[in-house]
Amino acid sequence: MIEFKDFVFFVLSLVLIASGLSVITSRNPVTAALSLVLAFFNAAGIWLLLQAEFLAIALVLVYVGAVMVLFLFVVMMLDINLDKLREGFWDYLPMAGFIGILMMVEMVMVFKTKQFNLPPLSETLPNASNTELIGNTLYSDYVLPFELASVVLLIAIVSAIALTLRDRKDSKKTNPADQIAVKRKDRVRLVQMKSEEKYVKPKAKERT
Amino acid sequence: MDALMTSVFGLWGPSIAKTFWILLKIVAVVLPLMISVAYLTYFERKVIGFMQVRIGPNRVGYFGLLQPIADALKLLFKEIILPTASNKVLFFLAPVLAIAPAFAAWAVIPFDLNLVIADIDASLLYILAMTSIAVYGVIIAGWASNSKYAFLGSLRSAAQIVSYEIAMGFTLVGVLMCANSLNLGKIVMGQAGGFWHWYVWPLFPLFIIYFISAVAETNRAPFDVAEGESEIVAGFHVEYSGMAFAVFFLAEYANMILVSMLAALMFLGGWLSPIPFIPDSFLWLLIKVAFLLFCFIWFRATFPRYRYDQIMRLGWKIFIPITIAWIVFIGGMMQTSWGYLFH
């Protein structure tokens, strides 16, 4: 007999697989990116079923809420010619298939380890809060690797900016401090001049 | 077939009452929320009317009280126009994606000590996740419309939402440092004992930044460049009409109520009364939320629209450094003998 939880699991995994397939098969890059978002959502749902609520929410927050938004930004603005991208598909297929099989073998090896067959957290620690436990372990036992990871990320941010930052010559960049400091006399010029003489309308006769 | 039937009944039979109860609770939150959204628009028009020495809506019903209902009916009967070159599925998915997170976030909002649909430990994180996916409605609406103005509006709006989300997230870090918890109920209870215990005092800069970011997040004036009428017509929802447009409208106002609710819960003591001997009640929460919503409308009637580069500068170069500095300051102060001031 299927429990409700199993039913939810199967729905989530079916949608996850379908959306994953749609990522690689869809012809429109925006649809592909949105399918990936759907895949992330379903993965988060499966993690929720495992009572890993922190991981699930972090997945939605970081990948769906931030990474994929920026991804969509780029993909939306590009004019991608898919037929050109698909050139040489069959040439690369054997190599790609080999790598795919290799990854699958590795994953099976990882799944067979005993860490992957642990009972769910609710059975070992019934009243534990997942978020609290992760926080405690991350900032006590694993504080050095954690900090190291953050430094690596910082270096990645700085180098990404350094690689792409170019000073444009036609940039219309303004300095806000200068704008605020502007006084009336910097912008307004009073000019002394004679007022215009009265306009005399030419007579109708003279025009013809 | 029998196995399937029993599984379906096993699924519904014993737990049917529980499911029904949860659905009832959801209706009890969403229905008043929809009504408040409708009357928030009325409130806005009245308040701005008075601020500009006008009367505001006054024709439908007494004092124009039926105006929101008349507006809703009008939008219901309007034709929904589908642009020919648009992506049909995504075009109709966008308003749904805009409003779903705005409602889903209410699942963890506590209205009183035990009055909450889902009392989960990571409720603040959940809300952060839900508000962060609201940007998809905007992006997809702009892209699926296949129109230059809608696309430009959606790019502006999405960039703005993503930028201010960071400052907003950092202010929440300050709150959870004070409360030692991610649970909204516990955050409110951490402020018990009079208005001088509210987190608005130790976290005053963060409160200001949270509220300004909230205005920017909901694309409200003076940060409403997403729909700067004079520049890009109406922003990302320019191609939407009738109910599809109304859903975006609903989402904006539902988000306004949500961020005001969060500000009241996290900084202003939620349902706690300001003076200890007056009983705590849900009414206090309503008063605080109503005041914050009034501020939203007040801003709209007061400030001229920001220039786009100044919005980005404010978010990235002013708010984020201030929040980070204040978090470090709180963390440092908590180690000193004045630490009790920050809890």
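Cut-offs used in this document
Residues numbered from 1 in each chain as written. Chains lettered and ligands numbered in written order. Predicted model: local features only at pLDDT ≥ 70, side-chain atom pairs only at ≥ 80, totals over all residues. Heavy atoms only, no water. pLDDT = per-residue confidence, 0-100. Helix = DSSP H or I, 4+ residues; strand = E, 2+ residues; numbered from the N terminus. Contact = heavy atoms within 4.5 Å. Salt bridge = Lys/Arg side-chain N within 4 Å of Asp/Glu carboxyl O. Polar contact = N/O pair within 3.5 Å; in protein donor to acceptor, adjacent residues only side chain to side chain. Axes fitted to C-alpha atoms, helices over the stretch in contact; angles between N-to-C directions. Parallel < 35°, antiparallel > 145°, perpendicular 65-115°, else oblique. Left-handed = near helix turned anticlockwise from the far one by under 90°. 1 Å grid on protein atoms, 1.4 Å probe; cavity = no way out; pocket = protein on both sides within 12 Å on 5 of 7 lines; lining within 4 Å. Points joined across faces, edges and corners; volume = space filled by probe spheres on them.

Novice: How would you explain the confidence of the model for chain B if you had to name every residue and give the values?
Specialist: Residues and elements named next belong to chain B. On average, residues of chain B score 84 in pLDDT, and 93% of them reach the 70 mark or higher. Mean pLDDT across the elements of chain B bottoms out in helix 1 (residues 2-12) (51) and peaks in helix 9 (residues 204-217) (91). Reported for the predicted complex are a pTM of 0.84 and an ipTM of 0.81.

Novice: How would you summarise the interface of chain B and chain A if you had to cite specific residues and measurements?
Specialist: If you look at the interface, chain B gives 28 residues, while chain A gives 26 residues. The interface formed by chain B and chain A includes 0 salt bridges. Our enumeration of links across chain B and chain A arrives at 2 residue pairs in polar contact (both at pLDDT 80 or more). Elements represented by at least two residues in the side of chain B that touches chain A include exactly helix 1, helix 5 (123-132), helix 6 (135-144), helix 7 (148-179) and helix 13 (308-334) of chain B.

Novice: An account of the packing of helix 9 of chain B against helix 12 (residues 282-302) of chain B is needed here, citing residue identities and associated values.
Specialist: All names here are of chain B. As a packed pair, helix 9 and helix 12 sit with axes 11 Å apart at the nearest point and diverge in direction by 60°. Comparing their axes, helix 12 and helix 9 come out oblique. With respect to the hand of their crossing, helix 9 and helix 12 are arranged in right-handed fashion. Contacts between helix 9 and helix 12 involve Phe-207, Phe-211, Ala-214 and Val-215 from the former and Leu-292, Cys-295, Phe-296 and Phe-299 from the latter.

Novice: Residues and numbers for empty space enclosed by the protein, please.
Specialist: Residues and elements named next belong to chain B. Taken as a whole and judged by the stated rule, the model has 3 cavities of 30 Å³ or more. Taken as a whole, the second largest cavity spans an internal volume of roughly 70 Å³. Lining the second largest cavity, in full, are Ile-127, Leu-128, Thr-131, Glu-165, Met-168, Leu-172, Tyr-210, Glu-217, Val-259 and Leu-262.

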